Amino acid sequence: RRKAIQRNLDAPPEPKLPDGPPEDDPATPLALAAVRAGDDKKAQGISALRVGHLTSATSYFVTMQGSSRAQIDAIVKSVESEMSERFGRVGSRQGKAGSGWVCLDFDEVVVHVFAQAE
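Residues numbered from 1 in each chain as written. Predicted model: local features only at pLDDT ≥ 70, side-chain atom pairs only at ≥ 80, totals over all residues. Heavy atoms only, no water.

**Topic: unusual backbone geometry**
The phi torsion at K42 lies on the positive side, around 65°, for a residue other than glycine. Along the chain, K42 falls in the loop between helix 2 (28–40) and strand 1 (44–50). If you check the backbone angles, D107 has positive phi at about 70° while not being a glycine. Along the chain, the position of D107 falls in the loop between strand 4 (101–105) and strand 5 (109–115). (Helix = DSSP H or I, 4+ residues; strand = E, 2+ residues; numbered from the N terminus.)

Right, dumping it as structure tokens:
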């Protein structure tokens, strides 16, 4: 019995795949809006990862980088404004531009804005 349990523990897990194409995910327009808002403020290293099939916490993680406190603040304000105007969403904000990291949680989309590594 112990060997059977050990074999199951050692077996690689089955990969989890998203349910359908990104176009069918209702959170995709929110993620794209966050990406565009960051791009409008010249954010670097922008990526949007679809993670809804891996966690129930959110559907997308969007990450981007700013080169200064002022730019991070501008990116954050742009994302917040875009989400509010287009979708009526107000996100929960954690962190401050001065600390080099801000997280905006819009439930289906979580946006992380980091300072560039020096």
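**Focus on the environment of T63**
With respect to the element layout, T63 can be found in strand 2 (residues 60–66). The exposure class of T63 is partly exposed, given its relative accessible area of 21%. Measuring from C-alpha to C-alpha, the distance between T63 and V111 comes to 5.8 Å, with 48 residues separating the pair along the chain. Sequence-distant contacts of T63, that is, excluding residues within four places in its chain, are made with G45, I46, S47, H112 and F114. Within polar-contact distance, the side chain of T63 engages the side chain of S47 at 2.7 Å. (Buried < 20%, exposed > 50% of the residue type's maximum accessible area, 1.4 Å probe, protein only. Contact = heavy atoms within 4.5 Å. Polar contact = N/O pair within 3.5 Å; in protein donor to acceptor, adjacent residues only side chain to side chain.)

**Here's the deal with helix 3 (residues 69–87)**
The α-helix winds at 3.6 residues per turn, so residues separated by three or four positions along the chain end up facing the same way. With 19 residues, helix 3 extends 27 Å between its outermost C-alpha atoms, agreeing within 8% with the 27 Å of an ideal straight helix rising 1.5 Å per residue. All of the buried residues along helix 3 are Q71, I72, I75, V76, S78, V79 and M83. Summarising the axial view, the buried residues of helix 3 lie within an arc of 160°, below the 170-degree limit, and thus occupy one face. When the buried face of helix 3 is taken as reference, the exposed residues oriented beyond 90 degrees from it are R69, A70 and E85. On its buried face, helix 3 sits against helix 2, strand 2, strand 3 (92–96), strand 4 and strand 5. (Expected span 1.5 Å × (residues − 1). Arc of directions from axis to C-beta.)

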